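Below, each chain spelled out in residue letters.
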Amino acid sequence: MSALFVVVLLLACWRVARFLALDELSRPLRERLIVKFGEASQLAYLISCPWCISFWSSIPIVWLSLIHQEQLATQVILLALAGSLVSGLGQTIEDRLDR
């Protein structure tokens, strides 16, 4: 496994965790789970905490990526996730510099 693969994998895991815990597109799912289990539940905390969700969401991503790292589909998905994160971070930096 190359260092580049590890970096891309880490960025992809970060993007998935951010999507699940913070992004607007996943908000309806988070809200449904919070309503179902209650705001004070551990599940509500887990799905709203980027640190928590990053651990649990990274396990299957890393596991499957390591098993299938030579497959083109795996590489494309990981690069797309990593690219999405880098692009989003770049846009955030650019927006803050423009203020």
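Q: Looking at this structure, how should I read the overall build of the protein chain?
A: Along its length, the protein chain carries five helices and zero strands. For the protein chain, the succession of helices and strands along the chain, N to C, is α-α-α-α-α. Expressed along its principal axes, the backbone C-alpha trace of the protein chain runs to roughly 45 × 40 × 20 Å. When each of the 99 residues of the protein chain is scored for burial, the buried share is 26%.

Q: Is there a simple way to think about the packing of aromatic side chains in this case?
A: Within a pair of aromatic rings, the relevant descriptors are the distance that separates the centres and the angle that separates the planes. Scanning all chains against the criterion turns up one aromatic pair. Each ring, one from Phe55 and one from Trp56, has its centre 4.7 Å from the other, and the planes form 85°; the classification is edge-to-face.

Q: Would you explain the nonpolar core in this entry?
A: Most often, soluble globular proteins keep nonpolar side chains buried together rather than apart. One finds Phe5, Val8, Leu9, Ala12, Cys13, Val16, Ile61, Leu78 and Ala82 forming the largest nonpolar core, which totals nine residues. Sorting the residues of this core by element identifies α1 (3-21) and α5 (72-98) as the ones contributing at least two each. Ignoring anything within four residues of it in the chain, the contact list for Leu9 reads Ile61, Val62, Ser65 and Leu78.

Q: Could you clarify how one ought to interpret the pattern of salt bridges in this entry?
A: Side chains bearing opposite charge may pair, as long as their charged atoms lie close to each other. Under the criterion given, the structure shown has three salt bridges. Across the pair Arg15 and Asp23 runs a salt bridge, and its minimum N-O distance is 2.7 Å. In this structure Asp23 comes out as buried when scored by relative accessible area, which is 17%. When salt bridges that share partners are traced, they join Glu24, Arg27 and Glu31 into one network.

Each value, and the rule that gives it
- Residues numbered from 1 in each chain as written.
- Predicted model: local features only at pLDDT ≥ 70, side-chain atom pairs only at ≥ 80, totals over all residues.
- Heavy atoms only, no water.
- Helix = DSSP H or I, 4+ residues; strand = E, 2+ residues; numbered from the N terminus.
- Buried < 20%, exposed > 50% of the residue type's maximum accessible area, 1.4 Å probe, protein only.
- Phe/Tyr/Trp six-rings, centres within 6.5 Å; stacked < 30°, edge-to-face > 60°.
- Core = buried A, V, L, I, M, F, W, Y, C linked by side-chain atoms within 4.5 Å.
- Contact = heavy atoms within 4.5 Å.
- Salt bridge = Lys/Arg side-chain N within 4 Å of Asp/Glu carboxyl O.

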